[in-house]
Number of protein chains: 2
Amino acid sequence: MVGPEIERLIQLLSRLPGLGPRSARRAALRLVEKREALLIPLAAAMAEAAAKVKTCAVCGNFDTIEPCAICADHRRDASQLCVVEDVAGLWAMERTGSFKGRYAVLGGLLSALDGVAPEDLGIASLVARARDPLVKEVILATPATVEGQTTAHYIADRLADCDVSVTGLAHGVPVGGELDHLDDGTITAAFRARRRF
Amino acid sequence: MVGPEIERLIQLLSRLPGLGPRSARRAALRLVEKREALLIPLAAAMAEAAAKVKTCAVCGNFDTIEPCAICADHRRDASQLCVVEDVAGLWAMERTGSFKGRYAVLGGLLSALDGVAPEDLGIASLVARARDPLVKEVILATPATVEGQTTAHYIADRLADCDVSVTGLAHGVPVGGELDHLDDGTITAAFRARRRF
């Protein structure tokens, strides 16, 4: 009933995070309905992104310039290196505006199950960057999940003989978070790390 | 921090149903991450859909042929005309496999608030189609919402002097539906339309 062109559009859209088969179908319909206002501009924006956006060879960020705007910005603090799982993590750190150093994007997390080894995450080149005498601190900002923390511990071990201090993001109660909605592990971590009021 | 190309991609993606600003950002990242496997094929699929998919001048369905495959299929029952709000409604009817007639896609619902008048929905041409002596029944399958039912009543009035029987989808308990999860209106409608077991 649906032509192969729309079927293919639905199938590709359903691979985007947040879109299941049903919402991909709705999205495809909206696109075809809004041909001039949405479908054609989005197709053009995607083609442009595909043509122009590159992965920064230094840090792994996405940008149209190489090295990326963050690596090329000499006002950024070269003494701090923040390790994130992916570019989404880098963007999240940038949104806070609280970090002014450089990044290393792993592009994943160590996982025996999925066969992700240290070589796949470019950890050797991260260690090489950390050996730069300019670098004083490596901040491990991988997710607070089992895989994220396993990866952070592995990197900390690999950095043991580098002359840098290795730190990690603090665990605790999210700002605005209700205790009753938090898991026990977070509350325990927040209790242990309690600070003078 | 994000280049203008990715910013534009996020902005356009966030206009798809089911994607808010945050999930549009995640989707844009996934696209750039999966450049060869997802971004380039999706850009191409959208360009192809934009070039090939047309609105059927007879019924309002989307297809690459004109008139659409449903209107062109002579095995479909020309005596039944099913009125739906949009192509999503047409697809939903088609998925059931229970309707073998033709369609009329309104492309919206009457709404004083949004300034949608009968002319905007092509109701005159729907009435003209219903006057074809081949047409025996018009099935009003607009949504069971206030606007959907207002539109259905308006169309029924306009069809009053046509020689067709005008029907509507039955209200009742959805198959698999728990009474406790249903609104009172649905239960009342299902009770009033109760049938011998």
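Just above sits the structure.
Everything numeric here is computed off the predicted structure, so don't read it as measured data. (Residues numbered from 1 in each chain as written. Chains lettered and ligands numbered in written order. Predicted model: local features only at pLDDT ≥ 70, side-chain atom pairs only at ≥ 80, totals over all residues. Heavy atoms only, no water.)

(A) Spotlight on the environment of A:G148. All names here are of chain A. Within the secondary structure layout, G148 lies in helix α7 (residues 146–158). What makes G148 buried here is its relative accessible area of 0%. Here the alpha-carbon distance between G148 and V84, two residues 64 residues apart in the chain, equals 9.4 Å. Filtering out sequence-adjacent residues up to four positions away, G148 remains in contact with L109, T142 and P143. (Helix = DSSP H or I, 4+ residues; strand = E, 2+ residues; numbered from the N terminus. Buried < 20%, exposed > 50% of the residue type's maximum accessible area, 1.4 Å probe, protein only. Contact = heavy atoms within 4.5 Å.)

(B) Geometry of the pairing of strand β5 (residues 137–140) of chain A. All names here are of chain A. Here β5 shows no split at all, with E137 and I139 on one side and V138 and L140 on the other all buried. Two elements, strand β3 (residues 77–84) and β5, share 4 bridges in a ladder whose sense is parallel. In the strand pairing of β5, L81 is matched with V138. Tracing the backbone out of β5, into α7 and back to the parallel element strand β6 (residues 165–168) gives a crossover that is right-handed. (Pairing = 2+ DSSP bridges. Right-handed = clockwise from strand over helix to strand, strands pointing away.)

(C) Local environment of the sheet that holds strand β5 (residues 137–140) of chain B. Residues and elements named next belong to chain B. Judged by pairing direction, the sheet is parallel, and its 4 strands sit side by side in the order β4-β3-β5-β6 without closing on themselves. A strand with exactly one partner marks an edge of an open sheet, and here the two such strands are β4 (101–105) and β6 (165–168). The mean inter-strand angle of the sheet, taken between neighbouring strand axes irrespective of direction, is 25°. (Axes fitted to C-alpha atoms, helices over the stretch in contact; angles between N-to-C directions.)

(D) The side chain of A:E94, seen in detail. Residue and element names in this part refer to chain A. Tracing the chain through its elements places E94 in helix α5 (residues 87–96). Given the relative accessible area of 15%, E94 is considered buried. Separated by 2.6 Å, the side chains of E94 and Y103 make a polar contact. (Polar contact = N/O pair within 3.5 Å; in protein donor to acceptor, adjacent residues only side chain to side chain.)

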